[in-house]
Structure formats: C-alpha cells, structure tokens
Amino acid sequence: MCRVTGKGGVRGGGGREFGWLWAAYGVSAFGTRLAFDAFALIAVLVLDAGPAEVSLLAASGPLAGAVLAVPLGPWVEFRRKRPVMIAADLVRCGVLLSIPLAYALGRLTLGQLLVVSVVVAAADITFNAAAGAFLKGLLTKEQLLVANGRLEATTWTTTMLGPPLGGAAIGWFGAVTTVVADAVSYLLSAGALSAIGGGEHKPVRPAARSRPRAGDLLDGWRYILGSAALRPLFLNTVLVNGLIMATSPLLIVLMVGPLGFAPWQYGLAFAVPCLGGLIGARLSPRLVARFGRHRVLRAAGALRACWPLGLVFVGPGTAGLVLVMVVEFGLITCVGVFNPVLATERLLRTPADRVARTLSAWSASGKATIAALTALWGLLGALLGARAAIGLAGCLLLGTALLLPRTGDGDTEDASPGDDVLRAPTP
C-alpha cells in the first residue's frame, strides 16, 4: 500500500500504479476533449444534417448508452477491474475507428454515428465504474482526495486545451481527424493500464448470491437512495449537472446568433475559465484539511449553483464576453472544489463490494437526466426564448442547495460490507 507524503503526493507501490492510472486517464481525457462535438460537426459538415438530427444525435446517444450500461454494473462488480477498463478502452478505440473507415469508403451515415455514440457512452460508464472501484482498492482513504483532485485538475486542463486544438485540427486536416486522435488516445490508455502489472484479486460473489439476479440491476440505486449520506448528494448533483448542461445549446444560440459573437469568441469564453477548475481542484484538499469534507461540500455545492443566473445578463461586445468568462470562471472554480470531494465522499461511503454498481447507477442517472433536461429546455427555448429559458434554469439552480446534506455525520467514516448504519436496506 502506498503512503502520502508531506506535500500531498502519493508515493510507494500504489504511487506507481496510480501514476499509470493517472496517465491512462489523462491521455484518454485529452483525446475526448480534442474530439469535443466531433460527431455534431461530422453530421453537419459531412452528412448535411439539420438541427433536429444533430439534437437527436446529441441526446439519444448518451441516453441509450446509459440504458445499455445498467446491466453492466453488476457484471463489473465481481470481476477484476483492470481488465474491464482495458476492454472498455479497446471497445471505444475500435468503434471510433469505424468512422474514418466508413468515411474513406463513402459509407458513413447518421445511423452509424448514433450507434458509435451509444457504444462509447456505455463503455464510458463501465470504465468509470471499474476505475472508481480500482482506485478505492488501490489507495487509502486519506489518499483518495489527493488522487481525485489530480484527476479533476487533469479534466479541466484537457478541457482548456483540447477543444481549441481540436478545432484547429479539423480546419487543417478534416472533420474525422479528431475522431482518429480520440481512438488512438484510448489505445494509449489501454497500454498505460497494462503497464500497471501485478495481480489483482478477483472479487468473490457472496455464497448467498452465487448467481446474478434480475434485481441486481437496481442494487446501485437501492444503495444510493437508502443512504442518508449519499441520497442528497446524488439528487443535488444529478439535477445541478442536468440544468447546467441543458442551457449550453441555448447559450450557443444566444451568443453566436442575436449577440453576434464569432465561434472563436464563444470557444475562448469557455476555454479560459477552465483555469478555475484547475485552481479549485488544487485548493480542494487544503480546504478539506481545514474545514472538513461536509462543510466544503455544502459551501462549494451551494456556490456553484449561484453563478449560472448571471448568464441572463450577457450582452454583445467585449463587456458581454467578459461577463460570460467571469460567470464561467466562478462556476468552474466551485465545481473544481466540489467534484473531488464528492468523488472521495462517494467512494468512502460505498462498500467495496458495491462500488461498481453504485457508480454505474449514478453515472447512468446523470446522463439520462442531462439528455431529458436538454430536450425539455430546447422546447422551453423555442417557446420562451433562449434568454428566458436560461434564466428559468438559473432560478431553479438556486433552489438545489436545499438538496445538499444538512448535517455531517463525520468526515472519517468508511463504509464496508458490514456497516449496517451506511448500508441501504435490502428489499
């Protein structure tokens, strides 16, 4: 087992293993950000798809992928996690490479893009569930926050750098270029995971549960909703993320349409504020050390809901661009603080034999909620106008702070299969 250094680093045998895991996450995250909105761009630039088809592709793919991933959670739970992650990487690499192949043969269709989107979304959820369980078994609970902070910082760094570079690559080399780069990134991720080496203990299914049951599909949700600690965090996070993402298409329409911003200005408005995510992720362990996990979760969780309402007041010109950047910087900084603490709390509150199912259920719920709210807010934008719909989402976000846990029950509890207090009731 590894140990934490005085400066917050992770060293020892687990440090080397986490280093390869971190490298795998970083390279695949950069590939994903490089290919940001690549499917939508290919649909428009190559297949001449209209707004309705692009919206269907954006919403249906992740939603169907989330549904497909539901039965994979119980399957992942009782298997070695590293082979599952490697398999998920190779699946994503393979299906993504089918796009440039079909494009070169002149056989690319919108249906293929939809199928690939579904498979990639399901593999994403499966990979993340296995990675969370692997991380919990790899590090001590004191090291989890440091590790999650590094992963969060990597997310925002790749988000800041990937889309501008991806846009340039598409302009220079064509629409499918970034898809190839994304596929290669998953292949490199699989290689990094393979380099971890060593044996991994195979989880043993309890004797009373020697065979899978249909009810296993709901175990993740049963545990989340039965946990007094996780239930409010789950409801808050799913709703907040859904409302924030639902207004993203409307903001694009508002800024690039009536307000007259160029596409590069829109990209700049969201690339620069990603520095806030990097800052927040670095601050997160220090804030927890001083104030405790529960206080940081409540404060950062409430503050991140306050910023989006400011987007209602965006106007044309430099002042409007600066306003968007300030609002996004504040929002992303709070998210950068909140997410690593949430990820750590979720792992600590979940027994080792439930992690994959819990993370699968959480992620599937998030993707489904984002898809549903994005479709709903598209209708509201058509009826009320983009600015009014953004304002409505901002007002609803202010109320999400009420869903955060009211009181903390300690910052050091760690769930295990025998923790009756933290275990959800079984039916």
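Residues numbered from 1 in each chain as written. Predicted model: local features only at pLDDT ≥ 70, side-chain atom pairs only at ≥ 80, totals over all residues. Heavy atoms only, no water.

### Some words on the pattern of salt bridges
Right, so step 1: Per the counting criterion, the structure on display carries six salt bridges.
Right, so step 2: Residue R92 pairs with D124 through a salt bridge whose shortest N-O separation is 2.5 Å. Note that R92 is positioned in helix α5 (residues 81–104) and D124 in helix α6 (residues 110–138), a separation of 32 residues in sequence.
Right, so step 3: The partner of R349 in a salt bridge is E345, with the nearest N and O atoms 3.0 Å apart. E345 carries the same exposure label as R349, and that label is buried.
Right, so step 4: One network of salt bridges, in which partners are shared, links D89, R92 and D124. (Salt bridge = Lys/Arg side-chain N within 4 Å of Asp/Glu carboxyl O. Helix = DSSP H or I, 4+ residues; strand = E, 2+ residues; numbered from the N terminus. Buried < 20%, exposed > 50% of the residue type's maximum accessible area, 1.4 Å probe, protein only.)

### Topic: the nonpolar core
Right, so step 1: Within the largest apolar cluster, 30 residues are counted, with the highest numbers of intra-cluster contacts made by F18, L21, M85, L135, L139 and L193.
Right, so step 2: Taken together, the elements giving at least two residues each to this core come down to α1 (13–34), α5, α6, α7 (141–173), α8 (177–194), α15 (317–348) and α16 (355–384).
Right, so step 3: Considering every element that reaches this core, the biggest residue donor is α6, with nine residues.
Right, so step 4: Ignoring sequence-local partners within four residues, the contact set of L21 consists of M85, F134, L135, L193 and I196.
Right, so step 5: Among the nonpolar cores identified, the runner-up in size contains 26 residues, and V314, L373, A386 and A389 belong to it. (Core = buried A, V, L, I, M, F, W, Y, C linked by side-chain atoms within 4.5 Å. Contact = heavy atoms within 4.5 Å.)

### Thoughts on α15
Right, so step 1: In this model α15 runs 47 Å from its N-terminal to its C-terminal C-alpha over 32 residues, within 8% of the 46 Å that 1.5 Å per residue would give.
Right, so step 2: Counting buried positions over the 32 residues of α15 gives 23, a clear majority of the element. (Expected span 1.5 Å × (residues − 1).)

### Observations concerning the confidence of the model for the protein chain
Right, so step 1: Averaged over the protein chain, the pLDDT score is 83; the fraction of residues at 70 or greater is 86%.
Right, so step 2: Counting interchain partners and residues more than four positions distant, the pLDDT-below-50 stretch residues 1–13 has 28 contacts. (pLDDT = per-residue confidence, 0-100.)

### Topic: helix α9 (residues 219–226)
Right, so step 1: Within the sequence span of α9, burial applies to D219, G220, Y223 and I224. The arc enclosing the buried residues of α9, seen along the axis, measures out at 130°, which places them on a common side.
Right, so step 2: Those residues of α9 hidden inside the fold are in contact with α10 (230–246) and α16. (Arc of directions from axis to C-beta.)

### Section: the packing of aromatic side chains
Aromatic rings considered in pairs are described by the distance between their centres and by the relative angle of their planes.
Right, so step 1: Summed over all chains, the structure comprises three aromatic pairs.
Right, so step 2: Pairing W172 with F173 gives two aromatic rings, centres 6.3 Å apart and planes at 80°, and the pair type is edge-to-face. Like W172, the residue F173 is exposed in the burial classification.
Right, so step 3: Between F234 and W362 the ring centres are 5.2 Å apart and the planes differ by 80°, which places this aromatic pair in the edge-to-face class. With F234 in helix α10 and W362 in helix α16, the pair connects residues that are 128 residues apart, well separated along the chain. W362 matches F234 in its accessibility class, with the two residues each being buried.
Right, so step 4: Directly above the ring of F127 sits R92, whose terminal nitrogen or CZ lies 4.8 Å from the centroid.
Right, so step 5: Against the face of F338 rests R304, its NZ or CZ located 4.0 Å from the ring centre. (Phe/Tyr/Trp six-rings, centres within 6.5 Å; stacked < 30°, edge-to-face > 60°. Lys NZ or Arg CZ within 6 Å of the ring centre and 35° of its normal.)

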